[in-house]
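Architecture at a glance
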Amino acid sequence: MQKEKDIILTGDRPTGSLHIGHLAGSLSSRVHLQETEQYQMYVMIADLQALTDNAENPEKVRKSLFELTLDYLAVGLDPEKTHMIVQSAIPALSELTMYFLNLVTLARLERNPTVKHEIREKGFGHSIPAGFMAYPVSQAADITAFRAKYVPCGDDQLPMLEQTRELVSAFNRIYGGNVLVEPKEILPKRSACFRLIGTDGSGKMSKSLGNCIYIKDDEKTLKEKIMSMFTDPTHINVSDPGHTENNPVFIYLEAFSSDAHFAEYLAEYHNLSEMKEHYQKGGLGDMKCKKFLFNVLNETLLPLRKRREWYERDKAELLNILKKGTEKAVEATERTLTEVREAIGINYFNTNL
Ligand code: TRP
């Protein structure tokens, strides 16, 4: 018998389009993992999770579901190899969340650093939706219902993975057996890919801060965004020494440029370290750096725009891709939940009395 492939699950909240921070981080790694053909990969559109802080904005979630699917297809996720799935259409995930909620305390949920940060950022004050507080539990259910062994993600998701492992171990301890599997994270290789900073240099690239370069941005938009990007405020004259750390131009180059890009667009340097050295010493202007960055990013995004256009023409096909993927997901998660109910002993109608 053929050995079953290890399972990989990743997901995104449908709250808007994906940006180059996602591309440098999780998306490239997903495409790479897909191409190894060593895993069964599921990519989940986490609409239930999106609703935890968008309960009054369901149309935003609905619209973003299509945007996200287009982004996935644009970056090269292939429905023949990767199941693209919709969280809300997989009942087992909500059921497992209910069982998990009893295995975690409110105090533990309140300690999750990513959630804490989001609560501050979103300005919930004292009106935090209970569903939002509990979304790491729902995410743990996502991961374990698929028996995912690996979760490619950014470092902001590490607390979710930690929470998942705790829930798995509590579940297996209390209900016995080894029904659920502890997942491991796969982090991006290049350190610049951790929380790519925004074009304004202020913080993380984020829709709410308006400092994103989107995967779907066209050439003109890309150019405008790059040309008005923050660089090094102390680098006033070309001859001034410049700082490359905290400078989004160099951080993006770190994430996306290759030696081949230098050969093609900026042959006076062999690689990024040479270019950086010159910038730090003084004598290299921001405009030249930005033009190079534009060439690098435009070349990276061009094939993605083409694929997106191709899929954009057929919305019915998009739905079909999601439907097919989700059907597979329903089957796989139902198998896990059968064992989960059995372990808890609430499989009343499937047992001999
Ligand atoms: N929390 C993830 C995000 O903010 C989305 C997500 C939901 C997810 N369920 C998941 C990621 C399961 C990995 C695995 O984007």
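Structure's up top.
The following refers to the structure shown. (Residues numbered from 1 in each chain as written. Predicted model: local features only at pLDDT ≥ 70, side-chain atom pairs only at ≥ 80, totals over all residues. Heavy atoms only, no water.)

**Observations concerning helix α13 (residues 272-281)**
To be explicit about the condition: Burial here depends on accessible area, computed with a 1.4 Å probe over protein chains only, as a share of the maximum for the residue type. Under 20% is buried, over 50% is exposed, and the range in between is partly exposed. Counting from the N terminus, the helices are DSSP H or I runs at least four residues long and the strands are E runs at least two residues long. Directions are taken from the helix axis to each C-beta atom, and the arc is the one they span. We call two residues contacting when some pair of their heavy atoms lies within 4.5 Å.
Every buried residue belonging to α13 is among Leu272, Met275 and Tyr279, and all of these are buried. All buried residues of α13 project into a common sector of 65 degrees when viewed along the axis, lining one side. Facing away from the buried side of α13, by more than 90 degrees, are the exposed residues Glu277 and Lys281. Of the surrounding secondary structure, the elements contacted by the buried residues of α13 are α11 (248-256), α12 (259-265) and α14 (286-312). Where α13 terminates, the next one or two residues include Gly282, which has phi positive at roughly 110 degrees.

**Topic: the packing of aromatic side chains**
Selection rule: Only Phe, Tyr and Trp rings take part, Trp by its six-membered ring, and two of them pair if their centres are within 6.5 Å. Stacked means planes under 30 degrees apart, edge-to-face means over 60, and tilted covers everything else.
One pass over the full model with this rule turns up ten aromatic pairs. Centroid distance Phe124 to Phe132: 5.1 Å. Interplanar angle 65 degrees. Geometry classified as edge-to-face. Per residue, the accessibility class of Phe124 equals that of Phe132, and both read buried. Measuring from centroid to centroid gives 4.8 Å for Phe171 and Tyr175, while their planes differ by 55 degrees, and the two rings are tilted. With Phe171 and Tyr175 both in helix α9 (residues 158-175) and four residues apart, this pair spans about one turn of that helix. Tyr175 sits in the partly exposed class, given a relative accessible area of 27%. Here the aromatic cluster, defined as three or more aromatic residues joined through ring pairs, consists of Phe100, Phe171 and Tyr175.

**Details of unusual backbone geometry**
In the Ramachandran plot, Arg147 falls in the positive-phi region, its phi being about 55 degrees despite a non-glycine side chain. Residue position: Arg147 is located in the loop between α8 (135-145) and β4 (150-152). The class for Arg147 is partly exposed, based on a relative accessible area of 23%. For Asn246, which is not a glycine, the phi torsion comes out positive at approximately 65 degrees. By the element assignment, Asn246 lies in the loop between α10 (219-227) and α11.

**Thoughts on the site of the ligand**
Cut-off, in case you're wondering: Residues are counted as near a molecule or strand when any one of their heavy atoms sits within 4 Å of it. Polar contact is the term for a pair of N or O atoms within 3.5 Å; when the atoms are in protein, one must be able to donate a hydrogen and the other to accept it, and sequence-neighboring residues count only if both atoms are side-chain atoms. Only the protein chains shown count as cover for residues, and the accessible areas themselves come from Shrake-Rupley with a 1.4 Å probe. In this analysis a 1.4 Å probe is tested at points of a 1 Å grid over the protein atoms alone, and where it fits but cannot get out there is a cavity; an open set with protein on both sides within 12 Å along at least five of seven lines is a pocket; lining residues have an atom within 4 Å of a point. A cavity or pocket is said to hold a molecule if more than half of that molecule's atoms lie within 2 Å of its grid points. Any residue outside Ala, Val, Leu, Ile, Met, Phe, Trp, Tyr, Cys, Pro, Asp, Glu, Lys and Arg is labelled polar, Gly included; the first ten of those are nonpolar and the last four are charged.
Taken together, 13 residues form the shell around the ligand, and within it Gly11, Gln49, Gln139, Asp142 and Gln157 come nearest. At 3.5 Å, a side-chain N or O of Arg13 approaches an oxygen atom of the ligand. In the model, a nitrogen atom of the ligand is placed 2.8 Å from a nitrogen or oxygen of the Gln139 side chain. Expressed as a share of its isolated accessible area of 360 Å², the protein-covered part of the ligand is 89%. In this structure the site holding the ligand corresponds to the largest pocket. Elements supplying a minimum of two residues to the shell around the ligand: β1 (6-12) and α8. If one sorts the elements of the shell around the ligand by residue count, β1 sits on top with four residues. Across the shell around the ligand, the residue classes tally to five nonpolar, five polar and three charged.

**Things to note about the pattern of salt bridges**
The condition is simple: Salt bridges are defined by distance alone: a side-chain nitrogen of Lys or Arg within 4 Å of a carboxyl oxygen of Asp or Glu.
Scanning all chains against the criterion turns up 21 salt bridges. A salt bridge links Arg165 to Glu185; its shortest N-O distance comes to 3.2 Å. Remark: Glu185 occurs in strand β5 (residues 184-186) and Arg165 occurs in helix α9; sequence separation between them is 20 residues. A salt bridge links Glu268 to Lys288; its shortest N-O distance comes to 2.8 Å. Of the two residues, Glu268 is situated in the loop between α12 and α13 and Lys288 in helix α14; the sequence distance between them amounts to 20 residues. In the salt-bridge network here, residues are joined through shared partners; they are Glu67, Asp71, Lys216, Arg308 and Glu312.

Everything listed here is a matter of geometry and, on its own, says nothing about what the molecule does.
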